[in-house]
Structures are given as C-alpha cells and as structure tokens.
Amino acid sequence: MSDFLRTFLNARSLRAVTRELTLEQLNEGFEKLKVIVEERRESEEVSRKQQEERLRKIAEYKEKLRADGIDLNDLIQGEVASEGKAKREPRPAKYEYIDTDGERRTWTGQGRQPVPIREGIAAGQSLDDFLIK
C-alpha cells in the first residue's frame, strides 16, 4: 500500500496532514473528491446495469433454446465439429496397374509411385502407358 493511500484511509493520519491546510483548501479538496466519488458511482452503476442486461439476455437465450428443444451442450458440440477442416473429395484415379498378386489397382498420380509403375518405367514404359482409358 502506498504512503498516500495509507494516510488517506487513516483518519488520524489524514488530520495530521491536513492541519497545515486552510479551510478554503480543505473545501476545494473536498469538492474535487466529491466529484471523483460521484463519477465512480455513476461508472459502477453503468457497469452494473450492463452486466445485468448481459445476464438477462443470456437467460432469455437459454429459455429460447429450451423452448425449441435444443440443449446448450449440443449447440456447443455442434459448433466445435463445424470448426474443423472440411475434407476435400478424393481425387479420381488416373493410372491403372497390376500388382504382384495379379490384382488390378489404381493410382491417382499423387503420393508415392507404386512399385509396379516404377518398375515399368525403369523397364522402358512411359507413365502414359498406365493411364486409365
């Protein structure tokens, strides 16, 4: 606590400090202090009213949700789920090859090149030879 605050909040210390002031100076200080106190009261009243209005609106919205049969937790969970990244649709396959088991497989052209395609290219085939027709 600062020295000023300690003096200001203690009546005995305040009397000792103000003994040297004239009555006119005390009245001037008193008037200024009254203005400051009134401003603070008004400010806190405005804050209190804003908080009451906010709480009233929250209660009103909760009641509307309840009347519409919507649970607040469902609303929150739905919001979180919709915030996730939307998945893009898978790309269509561009290339077709036969794997080591003799099965027909496809490849989109993205990611690692399948071994049979890689081996075919090494053997002299073109990537266009694997295109799906």
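Provided above is the structure to which this section pertains.
Structure report, in brief. Remember, predicted model here, so these are calculated numbers, not experimental data.

Procedures and definitions
- Residues numbered from 1 in each chain as written.
- Predicted model: local features only at pLDDT ≥ 70, side-chain atom pairs only at ≥ 80, totals over all residues.
- Heavy atoms only, no water.
- Buried < 20%, exposed > 50% of the residue type's maximum accessible area, 1.4 Å probe, protein only.
- Helix = DSSP H or I, 4+ residues; strand = E, 2+ residues; numbered from the N terminus.
- Pairing = 2+ DSSP bridges.
- Salt bridge = Lys/Arg side-chain N within 4 Å of Asp/Glu carboxyl O.

### A few points about the pairing of strand 1 (residues 95–98)
The two faces of the sheet receive side chains in turn, since in a regular strand these alternate between them.
In step 1: Side chains of strand 1 alternate between two faces, with Tyr95 and Tyr97 buried and Glu96 and Ile98 left unburied.
In step 2: Relative to strand 2 (residues 104–107), strand 1 runs antiparallel, the two sharing four bridges. Counted as the bridge partner of Glu96 is Thr106 from strand 2.

### Some points on the pattern of salt bridges
In step 1: All chains considered together, the criterion is met by 13 salt bridges.
In step 2: Between Lys34 and Glu31 there is a salt bridge, and its shortest N-O distance comes to 3.6 Å. Note that Lys34 and Glu31 are positioned in helix 3 (residues 23–67) at a spacing of three residues, about one turn of the helix.
In step 3: The exposure class assigned to Lys34 is partly exposed, which follows from its relative accessible area of 41%.
In step 4: Residue classification places Glu31 among the partly exposed residues on the basis of a relative accessible area of 42%.
In step 5: Where Asp99 meets Arg105, a salt bridge forms, and the shortest distance between an N and an O atom there is 3.2 Å.
In step 6: Asp99 sits in the buried class, given a relative accessible area of 15%.
In step 7: Overlapping salt bridges bring together Glu53, Arg56, Glu60 and Lys64 as one network.

From the geometry alone we can't say anything about function, so treat these as descriptive.
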